[in-house]
Amino acid sequence: MIISVAVFLSCDSGNAGTSSQEQEIVVADKVDASVLGRNREKRIIIDKDIDLEGKECIIPKGNTVVFNGGVIKNGILDGNMTKIECKGKAFDRVTIKGSWNVPEISTNLFVNLDYVNSLRDVVALANPRVKNRIVIEKGDYKVRAENKAKVCVPVCSNTDLIIKGTIRLAPNDLKSYNIIQAQGENIKIRGNGTIIGDKHTHTGQGGEWGMGIRLTGVIKTNISDLTIKDCWGDCIYVGGNSKNVIIENCKLDGGRRQGISITKANGVTVRNCTITNVCGTAPEYAIDIEPKRHDFVDNILIENVIVRDCEGGFKATTGKTKDGAKTPWIGAVTIRNCDVKCRKKYPIRFKKCKKIEINKCKLNAPDGLPPISVTYSGNAIVHNNNLSYYYDMLDKAKNEFRELIGKGKKFPIDIRKTNKQSVKNNKSIAREE
């Protein structure tokens, strides 16, 4: 039997006073684990289908559930460091709660994952104290972000998440959401699968923080070989004092705000990625390095990245401060072997960085902008780049005389107010207006 009770919740909203609202809470009946089958020395044997009929079953601590020919269905299963032995299917329309000890997790454990947010039940089997391997097999998985659950698929420490299928976000009107959010240490998110946001079907107007993958305070985390597209905000967001992050071999397409944002991190490498069609709301860069308030970003490497049809290429600048907060700062940023062609904004724009290195890049600037702009920074190194830009005859003469360096938009390398700079072996490919 399901018990329904009405309660009144009091919300203190500060100066706005106190208000109350009625909310219905649905509480499931709880049943003993004996309904599942025989228990022999902490081994619960499932040899036929068990229908929980909407009830919640709490498994005693340290038990192992052994599936020998049946599944558990239609209810809530609450584990307590519970192990699973299963060679086939185990669950059908079961909500997973509690703690589990299941190193090998797969969508194949579930009979039916057609319901929205079914992947929450899959990843709920993971445990940050256990080395988890989760495989999302081929298929189309629907997820929905909600006001009370803006994270669709949470990923914990010590998890290797392998995505082979497509994770597709349902339309929503939220200002922010995270299709996948990772937090913790030793995390991998990889595979040849696809993550699709709701940029073209979003039902709201406000906000710019709908993320494909959000990394919050992660340490030793790798994202690789995925396609992420059409997010309301960024395809990938790195923040929360993350450390030692690698993003590689990914295709990022159609982000509304950015391809990748890096706001608070030390040690981020982006390599062998293709970033395309970033547009919709500012800043609209393929990669934006922008700490806020008292935050910092340091030791960033961007290499072998191709940028096409984005509004802008790579941007690094400190954000605005408020209320007298400590000024944010950017340490060392290196960009090498990248190929950037953007629509309206700078291929590379750096401002207020401690150390900048741009080496062996192909940069194609839109009309009226230089391929490289560096201002108010420390040490700037610009070597061995091929720079394509618009010019007139007078600009061409000035540029050749000054070795492509000068103040303003008509020089291919605009470097001003730096403590130290080294600019050499760069080549220009001028285009007549």
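Residues numbered from 1 in each chain as written. Predicted model: local features only at pLDDT ≥ 70, side-chain atom pairs only at ≥ 80, totals over all residues. Heavy atoms only, no water.

Q: Hey, could you run me through the overall build of the chain in this one?
A: Regarding its fold elements, the chain presents 2 helices and 41 strands. Taking as baseline every contact in the chain between residues at least 6 positions apart, the subset at least 24 positions apart corresponds to 62%. (Helix = DSSP H or I, 4+ residues; strand = E, 2+ residues; numbered from the N terminus. Contact = heavy atoms within 4.5 Å.)

Q: Sorry, what's going on with the pairing of strand S15 (residues 159-163) here?
A: It is a general feature of regular strands that their side chains alternate between the two faces of the sheet. Of all 5 residues that make up S15, 5 are buried, and the element is covered over most of its length. The side-chain alternation of S15 yields two buried faces, one formed by Thr 159, Leu 161 and Ile 163 and the other by Asp 160 and Ile 162. Where strand S12 (residues 132-136) lies against S15, 5 bridges are found, and the strand directions are parallel. Note that in S15 the partner of Val 135 across the bridge is Ile 162. Of the pairings in the sheet, the one linking S15 to strand S18 (residues 185-190) comprises 4 bridges and is parallel in character. Of the residues in S18, the one forming a bridge with Ile 162 is Arg 190. (Buried < 20%, exposed > 50% of the residue type's maximum accessible area, 1.4 Å probe, protein only. Pairing = 2+ DSSP bridges.)

Q: When you look at the packing of aromatic side chains in this model, what are you seeing that I'm missing?
A: In this description, an aromatic ring pair is defined by two values, namely the gap between the centres and the angle between the planes. For the coordinates displayed, the defined rule picks out 3 aromatic pairs. Residues Phe 67 and Phe 91 carry aromatic rings whose centres are separated by 5.7 Å and whose planes lie at 80° to one another, so their mutual orientation is edge-to-face. Placement of the pair is Phe 67 in strand S8 (residues 64-67) and Phe 91 in strand S10 (residues 91-100), with a sequence separation of 24 residues. Exposure remark for Phe 67: the relative accessible area of 8% places this residue in the buried category. Ring geometry for Phe 91 and Phe 110: centres 5.3 Å apart, planes at 45°, overall tilted. One end of the pair, Phe 91, is in strand S10; the other, Phe 110, is in the loop between strand S11 (104-106) and helix H1 (119-123), with 19 residues separating them in the sequence. Through successive ring pairs, a cluster of aromatic residues spans Phe 67, Phe 91 and Phe 110. Its end group placed over the ring of Tyr 237, Arg 214 keeps NZ or CZ at 4.3 Å from the ring centre. Seen from the ring of Trp 232, Arg 256 lies directly overhead, with NZ or CZ sitting 3.7 Å from the centre. (Phe/Tyr/Trp six-rings, centres within 6.5 Å; stacked < 30°, edge-to-face > 60°. Lys NZ or Arg CZ within 6 Å of the ring centre and 35° of its normal.)

Q: Can you walk me through the environment of Ile 134 in this structure?
A: With respect to the helices and strands, Ile 134 occurs in strand S12. Considered as a pair, Ile 134 and Thr 159 are 25 residues apart in the sequence and their alpha carbons are 7.3 Å apart. The contacts of Ile 134, once residues within four sequence positions are left out, are Ile 105, Val 122, Val 123, Ala 126, Thr 159, Asp 160, Leu 161 and Ile 162.

Q: Any chance you could explain unusual backbone geometry here in plain terms?
A: Note on backbone geometry: most residues besides glycine have negative phi, and most peptide bonds are trans. A cis geometry characterises the amide bond from Ala 282 onward to Pro 283, with omega recorded as 10°. With respect to the helices and strands, Pro 283 occurs in the loop between strand S28 (274-276) and strand S29 (285-289). Despite not being glycine, Met 81 shows a phi value in the positive range, around 50°. Position of Met 81 relative to the elements: it lies in strand S9 (residues 72-85). A positive phi angle is found at Asp 225, which is not glycine, with a value near 65°. Note on placement: Asp 225 falls in the loop between strand S21 (219-224) and strand S22 (227-229).

Q: Help me understand the pattern of salt bridges in this model?
A: Opposite charge on two side chains allows them to pair when their charged atoms are near. All told, the structure shown has 19 salt bridges when counted by the stated rule. For Arg 38, the salt bridge goes to Asp 47, with nearest N and O atoms at 2.7 Å. By relative accessible area, which is 41% here, Asp 47 ends up partly exposed. Between Glu 85 and Arg 43 there is a salt bridge, with the nearest N and O atoms lying 2.9 Å from each other. (Salt bridge = Lys/Arg side-chain N within 4 Å of Asp/Glu carboxyl O.)

Q: Any chance you could explain the confidence of the model for the chain here in plain terms?
A: A low pLDDT score tells you not to read the predicted coordinates there in detail. Across the chain, the average pLDDT comes to 89, with 86% of residues at 70 or higher. Low pLDDT, under 50, characterises residues 1-27; the stretch is placed with 37 contacts to residues that sit more than four places away or in other chains. (pLDDT = per-residue confidence, 0-100.)

Q: Before we go on, may I ask you to explain the environment of Lys 354 in this structure?
A: Position of Lys 354 among the secondary structure elements: in strand S36 (residues 353-359). With 25 residues separating them in the primary sequence, Lys 354 and Asn 379 have C-alpha atoms 6.4 Å apart.

Q: Please explain the side chain of Thr 318 as it appears in this structure.
A: Counting through the fold element by element, Thr 318 comes out in the loop between strand S32 (312-316) and strand S33 (329-336). Discounting residues that sit within four places of it in the chain, Thr 318 has contacts with Pro 291, Pro 328, Trp 329, Ile 330, Lys 351 and Lys 352.

Q: Any chance you could explain the environment of Phe 350 here in plain terms?
A: Inspection of the secondary structure assignment puts Phe 350 in strand S35 (residues 348-351). Sequence separation between Phe 350 and Lys 315 is 35 residues; the distance between their C-alpha atoms is 5.9 Å. Here Phe 350 is in contact with Ala 316, Val 333, Ile 335, Ile 356, Ile 358, Ser 373, Val 374, Thr 375 and Ser 377, once residues within four sequence places are set aside.

Q: Explain the side chain of Thr 276 here, please?
A: The residue Thr 276 is located in strand S28 in this model. Leave out the neighbours within four places in its chain, and Thr 276 touches Leu 252, Asp 253, Gly 254, Arg 308 and Cys 310.

Q: What is the right way to look at the state of the cysteines in this model?
A: What the rule picks out here adds up to 0 disulfides. We note that Cys 279 lacks a disulfide partner, and the nearest cysteine sulfur, in Cys 310, lies 8.3 Å from it. We classify Cys 279 as partly exposed; its relative accessible area is 21%. The structure places no disulfide on Cys 342, whose sulfur is separated from the nearest cysteine sulfur, that of Cys 310, by 8.0 Å. (Disulfide = S-S within 2.5 Å.)

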